[in-house]
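# Structural features, examined
Each chain, letter by letter, is given below.
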Amino acid sequence: EQVENCKRQWSLQDFQIGKPLGKGKFGSVYLAREVKSKYVVALKILFKEQIEKYRIHHQLRREMEIQTSLCHPNILRLYGWFHDNERIFLILEYALRGELYRELRKNGRFSEKQAATYIASLTHALAYCHENHVIHRDIKPENLLLDHEGRLKIADFGWSVQSKSKRHTMCGTLDYLAPEMVENKAHDYAVDNWTLGILCYEFLYGAPPFEAESQKDTFRRIMKVDLSFPSTPSVSAEAKNLILRLLVKDSSKRLSLQKILEHPWIIKNADPNGVCSM
Ligand SMILES: CC(=O)NC[C@@H]1CCN(c2c(Cl)cnc3[nH]c(-c4cn(C)nc4C)nc23)C1
């Protein structure tokens, strides 16, 4: 019955639409409730006209194939989808506490326990993605959501690719781009490891490490791996060690996902069930 439910044909009549949660370039996301089960979801509504205009139907189809196939506690679920003449509707898991970004801006930065818990959750999710031949490539705070327990959820697979070979397409904002992507070189899974280093730094210091006035300067700082640790806030040597072993220009020398989970800072600080209390 449950499987049947997942596969059943959905339509707009099955949902009561609530408040808008966010506006994307190609459509918007609304809070919604499935009428029969009263189950709350996030309904992403995309306009076919926009999809044709920006020619992103192949990217959208890839996002849907990928997100439907992935099932992990730290990856936002895509339960199903349906369409009418002018719109496509994605039925997504609802993350009650919204964007991790807001939490980061509100607090300024996270504690080492909080930061390590989020990095461990991300690492578990990425290991799962890589096992399923998916490189996300666009892990940034805006794409990270928090559920009712404060558990991290990776959302928005718009830029991810089913990776069978190395990739050459530019994507993501600059701060999180690995050197090989900045140089538009072939890249592989290790780009996500670099991004974990960027995020770990940003969670602990409140801003990404290579932030600069201009894109050119950010590029230059990334290529030089021009990394420095401010004296405040005081951050443990283990945390700095992990960051230094991820922000390595040679992608083959970056700490592997498995080694991140075995790192002393993660072992000591990450909450095993991923919901470290504030
Ligand atoms: C780039 C990007 O994906 N941004 C977030 C999208 C907009 C809302 N989306 C949500 C999606 Cl897809 C799922 N759950 C959400 N929960 C929220 C949210 C909750 N609060 C209290 N505030 C917000 C916002 N938003 C979502 C996805």
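### Describing helix α7 (residues 190–205)
Helix length check: α7 (16 residues) gives 23 Å between terminal C-alpha atoms against 22 Å at 1.5 Å per residue, within 8%. Summarising burial for α7: 16 of the 16 residues are buried, a large majority.

### Remarks on the packing of α7 against helix α9 (residues 237–246)
Axis separation between α7 and α9 bottoms out at 8 Å; the angle between their running directions is 150°. It follows from the interaxial angle that α7 and α9 lie roughly antiparallel. Remark: the crossing between α7 and α9 carries left-handed chirality. Within the contact between the two elements, α7 uses Asn193, Trp194, Leu196, Gly197, Cys200, Tyr201, Leu204 and Tyr205 and α9 uses Ala239, Lys240, Leu242, Ile243 and Leu246. Counted by class, the contact of α7 with α9 contains 10 nonpolar, two polar and one charged residues.

### Describing the side chain of Arg151
Within the element layout of this structure, Arg151 appears in the loop between β8 (144–146) and β9 (152–154). At a separation of 3.3 Å, a polar atom in the side chain of Arg151 contacts the side chain of Glu149. Excluding its chain neighbours within four sequence positions, the residues that come into contact with Arg151 are Pro73, Asn74, Leu145, Leu146, Asn273, Gly274 and Val275.

### Overview of the state of the cysteines
Note: disulfide means a covalent bond formed between the sulfur atoms of two cysteine side chains. Under the counting rule described, the total for this entry stands at zero disulfides. The structure places no disulfide on Cys129, whose sulfur is separated from the nearest cysteine sulfur, that of Cys71, by 12 Å.

### Topic: the packing of aromatic side chains
Here a ring pair, both rings aromatic, is described through the centre-centre distance and the interplanar angle of the planes. By the definition in use, this model includes 11 aromatic pairs. Plain terms: the ring middles of Phe15 and Phe82 are 5.8 Å apart, the flat faces sit at 5° to each other, and that makes the pair stacked. On the criterion of sequence distance, the pair formed by Phe15 in strand β1 (residues 15–23) and Phe82 in strand β4 (residues 78–83) is long-range, its members being 67 residues apart. Note on Tyr118 and Phe203: the rings are 5.8 Å apart at their centroids and 65° apart in plane angle, and the pair reads as edge-to-face. With Tyr118 in helix α5 (residues 112–131) and Phe203 in helix α7, this pair connects stretches of sequence that are 85 residues apart. Classification of Tyr118 as buried rests on a relative accessible area of 1%.

### Re the packing of α5 against α7
The N-to-C vectors of α5 and α7 enclose an angle of 165°; their axes lie 10 Å apart at closest approach. It follows that α5 is roughly antiparallel to α7 by the angle criterion. α5 and α7 meet at a crossing whose hand is right-handed. Contacts from Glu112, Ala115, Tyr118, Ile119, Leu122, Thr123, Leu126 and His130 in α5 reach Asp192, Asn193, Leu196, Leu199, Cys200, Phe203 and Leu204 in α7. A breakdown of the residues in the contact of α5 with α7 according to their chemical character gives 10 nonpolar, three polar and two charged.

### Points about the side chain of Ser236
With respect to the helices and strands, Ser236 occurs in the loop between α8 (215–224) and α9. By relative accessible area, which is 18% here, Ser236 ends up buried. Looking at Ser236, its side chain comes within polar contact range of the side chain of Glu112, at 2.7 Å. Sequence-distant contacts of Ser236, that is, excluding residues within four places in its chain, are made with Glu112 and Trp265.

Here is what the cut-offs are and how they apply
Residues numbered from 1 in each chain as written. Predicted model: local features only at pLDDT ≥ 70, side-chain atom pairs only at ≥ 80, totals over all residues. Heavy atoms only, no water. Helix = DSSP H or I, 4+ residues; strand = E, 2+ residues; numbered from the N terminus. Expected span 1.5 Å × (residues − 1). Buried < 20%, exposed > 50% of the residue type's maximum accessible area, 1.4 Å probe, protein only. Axes fitted to C-alpha atoms, helices over the stretch in contact; angles between N-to-C directions. Parallel < 35°, antiparallel > 145°, perpendicular 65-115°, else oblique. Left-handed = near helix turned anticlockwise from the far one by under 90°. Contact = heavy atoms within 4.5 Å. Nonpolar A, V, L, I, M, F, W, Y, C, P; charged D, E, K, R; others polar. Polar contact = N/O pair within 3.5 Å; in protein donor to acceptor, adjacent residues only side chain to side chain. Disulfide = S-S within 2.5 Å. Phe/Tyr/Trp six-rings, centres within 6.5 Å; stacked < 30°, edge-to-face > 60°.

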